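Summary of the model geometry
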Amino acid sequence: MRDTIRFLKGGKIVELEDVGPTETLLDYLRLRRRETGTKEGCGEGDCGACTVALGRIVDGRLVYLPVNSCIQLLGMIDGAELVTVEDLAEDNRLHPVQSAMVELHGSQCGFCTPGFVMSLFTLYHAEGKEKSRKTVTDWLAGNLCRCTGYRPIVDAALEACFDAADDAFSWRAKDTREQLRVLSDGSDVFIGDSDRFFSAPATLDGLAALYSQHPDATLVSGATDVGLWITKQLREFPKVIWLGRVEGLDRVEESPSGVLIGATATYQATEQAMTGISADLGELWRRIGSKQVRASGTVGGNIANGSPIGDTPPALIALGATLELSSAESSRALPIEDFFIEYGKQDRQSGEFVTGLFVPRLSANQAFRCYKISKRFDQDISSVMAAVRLTADEEGTVTEARIAYGGMAGTPKRATAAEAALTGASLEDPSTWGPAMQALLSDFTPMTDMRASAEYRMETARALLAKALMEMSGTAPEQVRVLARRETGNDRAA
Ligand SMILES: Cc1cc2nc3c(=O)[nH]c(=O)nc-3n(C[C@H](O)[C@H](O)[C@H](O)COP(=O)(O)OP(=O)(O)OC[C@H]3O[C@@H](n4cnc5c(N)ncnc54)[C@H](O)[C@@H]3O)c2cc1C
Ligand code: FES
Ligand code: FES
C-alpha cells in the first residue's frame, strides 16, 4: 500500500503525500506550484484553457494525450508524465508549436494560448495522423479562442505538427519510459483516513474489497462528469476511489463476435473498435465532447452515470449490448437497457460497480444507424439521440427491430411500440413505415428544456427513424445527411 501519488514532471519524479480527495490538477498547478501558465476559463471542461498533456505508456509506446486539468483530479495523474506549458521551451528556445503560433499570429490576448499550445503539443506527438484541416479542427474542438480567430491557429498546427522533427521530449522518450515503468509499481494507493481519502486500488479484488468497506465512496473513472459536480456544484466527496489504476479494467478485446470494453476504457481507446462495428458508431464516438474529454472520459462512466442524454446508451441498447457488474460477493450480466430503471436510478446494488460491457457485431442481415442531434456540431450534449438496428430477411421484410432514443424520456429508452409496428414492414415499401412513426407518439412523452422543446424532440425522433429507414432501404447518405456535404466542403488538404 502506498500513501502517496507519484508522477513525472520536467524529468523528475514528484511524490506527494497530501492529496485531497477532490483536489483538482489545475488547483495544484496554480495554487500550490504557482505555475500559472495553465489558465482557468470555464472550469467545466468546455474551453480548453486549462489543457495539459499526460504521457503514459500504451502498448510499449509513450503516448501524450491532452486533458482538461480543471476537471482532472490531482490523484488521477499517478504514474503519468505531466507536461504543462512551462515545460515546453528549452534553453530559452520555444518549442516548434510555440514558434509556429508566434510566426503565424495564432495569439492575441493570449488567454487561450497555453491551452492551444498544449493541445498542439499532443498533436505534434500523435502517430499515424493524416495532414488535413479536418484532423486539426477535430483535435482542437475542445479549445476555444475568443479573439484571434481559428484560421491562424489551424495554420500553425498544419505548419508545426505534421512531418515534425524530433523535439526534446522525443529525444528523452527512452528515459521517460524507464521512469514511468518505475512509477508503475502495481501497489494500491490510499491517502487519508477511513473518513476522508483518495484511493486508487491496483486490482479488481482490491477495488471490490475497498468498495464493500466504503459503499458510500464515490467511484471516479475519467471524472468528466464527477469533475463538474466538484467545480460547478461545489459538492463534497470525502471518499474517492479512482478506478484508473485497476489492472486490466481498461481492456478492449476484439473478437469475431464483438468487442469487450473494460469499465475504464476511454472513448479514445475504443473509437477504432467501435468504427469496426459500424461507421456511424465510430462517428458518434468522435463527436463525444472533445479530444480532451475523449482522452479521459470512459464508456463505463457514461453508462454508470445514467444520464438520459448520455450518447452511448441508446446506441448500445439498439446493438443489444450486455453490461457486467461485480461486487466483493458476486458478478452478474444484464441487457444494458435493464440497467436504466428511472431518472437518476440504475440497477446497481450497494458495493457493486461496472466492470465492463460486451458489444456484439452486426450479422450479415442486420443494418444499424445512429444519429446525434445537438445545437453545436462538436463538443455538445445531445438534444435527441437515435439508434436503430434492423434485422431483415432476403425480401427486405423486417424480422426484428431494436430502436432506442436518448433525450426522449427520463432514461435512455427503447421505442417498443415502434419496434413492434416495424416488425413485418418492408424496407422496400415506404408505405409500410407509417405505423412505426405513429407509434413513437405512444412510446414517448418528451419534455421541454433548455436544449429543445417537446415538439422538436418528437418531430426529430420521427424524422430520424424515417432517415434510418431511407438509408437502410438504399437511399445514399449524401441525400439525407448534411454532415457528409459539409465535411467534404471543409476538408481542404493543406
Ligand atoms: C466538456 C464535456 C463534454 C461532454 N460531452 C459529452 C457528449 O458529447 N456526450 C456524452 O454522452 N457525454 C458527454 N460528456 C459527459 C461525460 O464526458 C461522459 O458521461 C463520460 O462518459 C463520463 O465518463 P467518466 O469516465 O468521465 O465518468 P466519471 O465522471 O468518472 O463518473 C461518472 C459517474 O459514473 C460513476 N462511475 C464511473 N465508473 C463507474 C464504474 N466502473 N462502476 C460504477 N460507477 C461508475 C461515477 O461514480 C459517477 O457517478 C461531456 C462532459 C464534458 C465535461
Ligand atoms: S478551464 Fe475551461 S476546460 Fe478547463
Ligand atoms: S487569443 Fe484571446 S482568447 Fe484566444
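Note that the coordinates shown come from a computational prediction; the quantities given were computed from them, not determined experimentally.

Looking at the packing of aromatic side chains
Applying the stated rule across the entire model yields 11 aromatic pairs. Between Tyr 64 and Phe 121 the ring centres are 5.2 Å apart and the planes differ by 65°, which places this aromatic pair in the edge-to-face class. A residue pair is termed long-range when its members are at least 10 positions apart, and Tyr 64 in strand S4 (residues 61-68) and Phe 121 in helix H3 (residues 113-125) qualify at 57 residues. For the pair formed by Tyr 64 and Phe 121, the shared burial category is buried. Of the aromatic side chains, those joined through ring pairs into one cluster are Tyr 64, Phe 121 and Phe 169. Its end group placed over the ring of Phe 169, Arg 172 keeps NZ or CZ at 4.9 Å from the ring centre. The ring centre of Trp 229 lies 4.9 Å from the NZ or CZ of Arg 235, which sits over that ring.

What about helix H1 (residues 25-32)?
Burial in H1 covers these residues: Leu 25, Leu 26, Tyr 28 and Leu 29. In a view along the axis of H1, the buried residues occupy a sector of 165°, so they form one face of it. Tucked into the core, H1 has its buried residues touching strand S1 (5-9), strand S2 (12-16), strand S3 (51-58) and strand S5 (81-83). Directly after H1, the chain includes Arg 34, whose backbone phi takes a positive value near 60°.

Quick look at the pattern of salt bridges
Applying the stated criterion to the full structure yields 32 salt bridges. Residues Arg 286 and Asp 138 are paired through a salt bridge, measuring 3.0 Å at the closest nitrogen-oxygen approach. Taken as a pair, Arg 286 in helix H11 (residues 279-286) and Asp 138 in helix H4 (residues 133-139) lie far apart in primary sequence, 148 residues in all. Here the two residues Arg 286 and Asp 138 agree in accessibility, since each one is buried.

Observations regarding the domain arrangement of the protein
Domain annotation of the protein identifies domain 1 (5-183) and domain 2 (252-482). One C-alpha centre belongs to domain 1, the other to domain 2; they are set 33 Å apart. Counting residues at the interface gives 15 residues for domain 1 and 12 residues for domain 2. Carbon and sulfur atoms supply 50% of the area that domain 1 and domain 2 bury against each other, a total of about 1,100 Å² over both sides. Scanning the region where domain 1 abuts domain 2 turns up 2 salt bridges. At the junction of domain 1 and domain 2, the tally comes to 8 residue pairs in polar contact (both at pLDDT 80 or more). Put simply, the parts of the chain that give the side of domain 1 that touches domain 2 at least two residues each are S4 and H4. Per element, the largest residue contribution to the side of domain 1 that touches domain 2 is 4 residues, and it comes from S4.

The rules behind these values
- Residues numbered from 1 in each chain as written.
- Chains lettered and ligands numbered in written order.
- Predicted model: local features only at pLDDT ≥ 70, side-chain atom pairs only at ≥ 80, totals over all residues.
- Heavy atoms only, no water.
- Phe/Tyr/Trp six-rings, centres within 6.5 Å; stacked < 30°, edge-to-face > 60°.
- Helix = DSSP H or I, 4+ residues; strand = E, 2+ residues; numbered from the N terminus.
- Buried < 20%, exposed > 50% of the residue type's maximum accessible area, 1.4 Å probe, protein only.
- Lys NZ or Arg CZ within 6 Å of the ring centre and 35° of its normal.
- Arc of directions from axis to C-beta.
- Contact = heavy atoms within 4.5 Å.
- Salt bridge = Lys/Arg side-chain N within 4 Å of Asp/Glu carboxyl O.
- Domains from an automatic or database assignment.
- Buried area = accessible area lost by both parts, 1.4 Å probe.
- Polar contact = N/O pair within 3.5 Å; in protein donor to acceptor, adjacent residues only side chain to side chain.

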